[in-house]
Amino acid sequence: MRERLIESTRELLWERGYVGTSPKAIQERSGAGQGSMYHHFRGKPDLALAAIARSADDMRARAEAEFSGSGTPVQRITAYLRREREALRGCPVGRLTQDPDVMDDSVLRRPVEETFAWLRARLAGVLAEARSHGELDTALDPAATATALVAVLQGGYVLARAAGDAEVYAQAVDGALGLLAGHVR
């Protein structure tokens, strides 16, 4: 039941945000009664934290699978950027940055902050690896480039959602890869 509560809350946060994710909606989606919910969690903030942390962990695991996969560093970055995503739904972690109730609560915000800090640092590490192996030119700044790539992905979600067209997300990725290609040796 604990797992169903967390997974239901993850989906609801992704769809509706924190305010729109009521205990009643969580219970309905998970099939849990009120007693079960409060048996496993102290309340909505505690359950939301578990759901946000799970989404953050999932995002990191999926990224790490690409970053530590086979191929050259640039091939691994390309695989990460081109990985299939639900562009019109947006990023389950990135969307939380637009939720004032999450961003105003330091406890709920922490997994979001930590995940994006990890992602930028991990991506910078792969870019630095590519640079040190001579795959990318030495003028490339790994930290700045990693930040730009993460910003392109998150912005691509926003643009795709605004246009109602997942192709816009794909264009953002293509554009980022085109810029990166200018640094390939």
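The structure this text deals with has already been given above.
Residues numbered from 1 in each chain as written. Predicted model: local features only at pLDDT ≥ 70, side-chain atom pairs only at ≥ 80, totals over all residues. Heavy atoms only, no water.

### Focus: the packing of aromatic side chains
The geometry of an aromatic ring pair is captured by the separation of the ring centres together with the interplanar angle, meaning the angle of the planes.
Stage number 1. Tallying each qualifying case throughout the model produces two aromatic pairs.
Stage number 2. Centroid distance F67 to Y80: 4.7 Å. Interplanar angle 45°. Geometry classified as tilted. Here the residue F67 occupies a position in helix α4 (residues 44–67), and Y80 occupies one in helix α5 (residues 73–82), the gap between them amounting to 13 residues.
Stage number 3. You can call Y80 buried: its relative accessible area is 3%.
Stage number 4. Considering the side-chain rings of Y157 and Y169, the 4.8 Å spacing of their centres and the 35° angle between planes classify their relative orientation as tilted. You can see Y157 sitting in helix α8 (residues 142–163) and its partner Y169 sitting in helix α9 (residues 166–181), a full 12 residues away along the chain. (Phe/Tyr/Trp six-rings, centres within 6.5 Å; stacked < 30°, edge-to-face > 60°. Helix = DSSP H or I, 4+ residues; strand = E, 2+ residues; numbered from the N terminus. Buried < 20%, exposed > 50% of the residue type's maximum accessible area, 1.4 Å probe, protein only.)

### Let's talk about the side chain of Q27
Stage number 1. Considering the arrangement of structural elements, one finds Q27 in helix α2 (residues 23–30).
Stage number 2. Taking the relative accessible area as the measure of exposure, Q27 reaches 16% and is therefore buried.
Stage number 3. Look past the residues within four positions of Q27 in its chain and what remains in contact with it is A32, G33, Q34, M37 and Y38. (Contact = heavy atoms within 4.5 Å.)

### Here's the deal with the nonpolar core
Stage number 1. One finds I77, L81, L119, L123 and L127 to be the most contacted residues of the largest nonpolar core, which totals 41 residues.
Stage number 2. Of all elements in the fold, only α4, α5, α6 (100–103), α7 (106–132), α8 and α9 reach the threshold of two or more residues within this core.
Stage number 3. Ranked by residue count, the leading element in this core is α7, at nine residues.
Stage number 4. Here L119 is in contact with M59, A63, F67, Y80 and V150, once residues within four sequence places are set aside.
Stage number 5. In this structure, L5, I26, A32 and M37 belong to the second largest nonpolar core, which totals 10 residues. (Core = buried A, V, L, I, M, F, W, Y, C linked by side-chain atoms within 4.5 Å.)

### Here we look at the environment of R82
Stage number 1. Following the sequence through the fold, R82 ends up in helix α5.
Stage number 2. Residue R82 is classed as partly exposed on the basis of its relative accessible area, which comes to 48%.
Stage number 3. A sequence separation of 48 residues divides R82 from Q34, and the C-alpha atoms of the two residues are 41 Å apart.
Stage number 4. Residue contacts for R82: discarding those within four places in its chain leaves V173, D174 and L177.

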